[in-house]
Amino acid sequence: MTYLKRAEKKNGKFLNPVPTAMFGAALLWKVLPRFLFNKEEVVPRSAVGQFVTDASVYSQRPASGLRVTWFGHSAMLMEIDGVRVLVDPVWEQRASPVRWFGPQRFFAPTLALEEMPSIDAVLISHDHYDHMGADTIRSLARMPATAHAQWVTSLGIGRRLAKLGVPAARIVELNWTETATVTSTYTGDLVRITSWPARHFSGRGLFDRFKTLWASFVVEGAQHRVYFGADSGCWDVFAEIAAQYDGFDLTMLEIGAYDELWESIHLGPDHAVDAFLSMGKAGLLMPIHWGLFNLGLHGWRQPMERTELISGQRGVGLWSPEPGVPTEIAGEYVSDWWRL
């Protein structure tokens, strides 16, 4: 049996490849007491850094060919073999459908959108508010930096992007196993972006769950290869995806907003390390989906503390930069910004 096949629909809704428990009334009654009496430091008690991205760094291509600027959570700028890919951008103050309520950022954006360098592709994995900021998309859509960008996303999300001002002609929707080729207008270099299955869900309201697709992605350049896991629960697909390639330089897997009650839709530290090892242990593990929003019941530092601990115990190479700092991938590296 293979999990690597196109997504299917039933009654107008996309299906997970394996049965997946979702948040419902039964789970609510288990979570509510823990939420009400939670003593974890889910939001930093003191200010977290003043991170600033030095945009002048982007005037020079990375010497190694692979550089990542992590803006917190799952938002990042990936520079890979001459192509710039902006991933799951959220510059909003809150990961929420409204500006006055919802999970609030722990620190301000490290770079004004107006200072963003020229972008070749914007990659949107799925339409949850912590991965796709509406105001962010509206601003990016009219910026000179994205004038030639290709917007690569999952099935059904193109319509949302078009409503936010992205030209329809520059939107490419992918089903699982499909590939888009992005050629940089500025360098002539190209990357291949391939959509692969994930175990998660989608939706931005009460009545549109599963109406759009969610996915993980592989970004391949001339010399480097990156796996962006986006959001996914525990299952056996990771080894099967890795088997399609000759290793990854960087494997990005989510470690935050997790709990054993919803491990079918989020990995968490232990399962992220398990997934990385199942993929062959090649390259480095980059923890994502943490450090910016309170989306779980755990302490805000806990995902990284746990990931660092078990990575060391199991011989996993870890790579985790300071927010907003353009950093080349040149061996294991863990910034201690979150310890402060």
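Our subject is the structure listed above.
Attention here is on the structure that accompanies the text. Given the structure is predicted, the values throughout are model-derived calculations rather than measurements. As a convention, each chain's residues are numbered from 1 in the sequence order in which they are written. Per-residue local features of the predicted model are confined to residues with pLDDT of at least 70, and side-chain atom pairs are confined, for both listing and counting, to 80 or more; whole-chain, interface and lining totals are unaffected and use all residues. Think of the side-chain values as coming from all heavy atoms in the structure, minus any hydrogens and water.

### Here we look at empty space enclosed by the protein
Every definition here rests on a 1 Å grid over the protein atoms only: cavities are sets of points where a 1.4 Å probe fits but cannot get out, pockets are open sets enclosed by protein on both sides within 12 Å along at least five of seven lines, and lining residues have some atom within 4 Å of a point. Grid points are joined across faces, edges and corners, and a volume is the space filled by probe spheres set on the points. Here the structure, examined in full by the defined rule, presents one cavity of 30 Å³ or more. Looking at the largest cavity, its volume works out to about 110 Å³. What lines the largest cavity is a set of 17 residues, and nearest its centre among them are Ala257, Gly291, Phe293, Leu295 and His298. Tallied by class, residues from the lining of the largest cavity come to nine nonpolar, eight polar and no charged. Note that Gly is not counted as nonpolar here; it falls among the polar residues with everything else outside the nonpolar set of Ala, Val, Leu, Ile, Met, Phe, Trp, Tyr, Cys and Pro and the charged set of Asp, Glu, Lys and Arg.

### Quick look at the pairing of strand E5 (residues 83-87)
A simple rule labels every residue: compare its accessible area, found with a 1.4 Å probe on the protein chains alone, to the largest value its type can have, and call it buried under 20%, exposed over 50%, or partly exposed in between. Here a strand is any run of E in DSSP of at least two residues, a helix any run of H or I of at least four, and the numbering for each starts at the N terminus. Of all five residues making up E5, five are buried, and the element is well covered by its neighbours. Of the two faces of E5, the one holding Val83, Val85 and Val87 and the one holding Arg84 and Leu86 are both buried throughout. For two strands to pair, DSSP has to find at least two bridges joining them. Pairing analysis gives three bridges linking E5 to strand E6 (residues 121-124), with the strands arranged parallel. Note on E6: the bridge partner recorded for valine 85 is alanine 121.

### A few points about the side chain of threonine 307
Inspection of the secondary structure assignment puts threonine 307 in helix H6 (residues 302-314). Take threonine 307: its relative accessible area is 0%, and that puts it in the buried class. Polar contacts, as counted here, are pairs of nitrogen or oxygen atoms within 3.5 Å of one another; within protein the pair requires one atom able to donate a hydrogen and one able to accept it, and residues that are adjacent in sequence qualify only if both atoms are side-chain atoms. There is a polar contact of 2.7 Å between the side chain of threonine 307 and the backbone oxygen of proline 303. Setting aside chain neighbours within four positions, we find threonine 307 in contact with Ile255, Pro269, Pro287 and Leu318. Only heavy atoms enter the contact rule, under which two residues are in contact if any of them lie within 4.5 Å.

### Some words on helix H2 (residues 134-141)
All of the buried residues in H2 are Thr136, Ile137, Ser139, Leu140 and Ala141. Residues of H2 that are buried in the fold lie against E5, E6, strand E7 (150-154) and helix H3 (157-163).

### Describing the sheet that holds strand E12 (residues 225-228)
A sheet is described by the order of its strands in space; here six strands give the open sequence E9-E10-E11-E12-E13-E14, paired in mixed fashion. In this open sheet, the two edge strands, each paired with only one partner strand, are strand E9 (179-183) and strand E14 (284-288). Looking at each pair of strands side by side, their axes are set apart by 20° on average, direction ignored. As paired strands, strand E13 (residues 250-254) and E14 are joined by five bridges and run parallel to one another. The residue bridging threonine 251 from the neighbouring strand is leucine 285, located in E14. Of the strands in this sheet, E13 and E14 are in contact with helix H5 (residues 268-278), which crosses E13 at around 150°. All axes here are fitted lines through C-alpha atoms, helices being fitted over the stretch that makes contact, and every angle between N-to-C directions spans 0 to 180 degrees.

### Notes on the pattern of salt bridges
The salt bridge definition used is simple: a Lys or Arg side-chain nitrogen within 4 Å of an Asp or Glu carboxyl oxygen. Across all of its chains, the model carries 16 salt bridges by this definition. The salt bridge partner of arginine 192 is glutamate 220, with a shortest N-O separation of 3.5 Å. Of this pair, arginine 192 sits in strand E10 (residues 190-196) while glutamate 220 sits in strand E11 (residues 216-220); the two residues are 28 residues apart in sequence, bridging distant segments of the chain. Among the ionic contacts, a cluster of salt bridges with common partners joins Glu41, Arg45 and Arg301.

### Remarks on the sheet that holds strand E4 (residues 75-80)
Read across the sheet, seven strands follow the order E8-E7-E6-E5-E4-E3-E16 without closing on themselves; strand pairing throughout is mixed. Two strands in the sheet have a free side with no partner beyond their single neighbour: strand E8 (171-174) and strand E16 (327-328). Looking at chain direction, strand E3 (residues 66-72) and E16 are connected through two bridges and run antiparallel. For arginine 67, the partnering residue across the bridge sits in E16 and is glutamate 328.

### A closer look at the packing of H5 against H6
At their nearest, the axes of H5 and H6 sit 9 Å apart, and the two run at 40° to each other. Taken together, H5 and H6 sit at an angle that is classed as oblique. The handedness of the crossing between H5 and H6 is right-handed. Touching Pro269, Asp270, Val273, Asp274 and Leu277 of H5 are Pro303, Arg306, Thr307, Ile310, Ser311 and Arg314, all from H6. Roughly parallel covers angles under 35 degrees, roughly antiparallel covers those over 145, roughly perpendicular covers 65 to 115, and oblique covers all other angles. Helix crossings fall into two classes, left-handed where the near helix is turned counterclockwise from the far one by less than a right angle and right-handed where it is turned clockwise.

### A look at H5
Those residues of H5 lying buried are Gly268, Pro269, Ala272, Val273, Ala275 and Phe276. Along H5, the residues classed as buried sweep out an arc of 160° about the axis, all on the same side. The inward-facing, buried residues of H5 contact helix H4 (237-242), E13, E14 and H6. Directly after H5, the chain includes glycine 280, whose backbone phi takes a positive value near 110°. Directions are taken from the helix axis to each C-beta atom, and the arc is the one they span.

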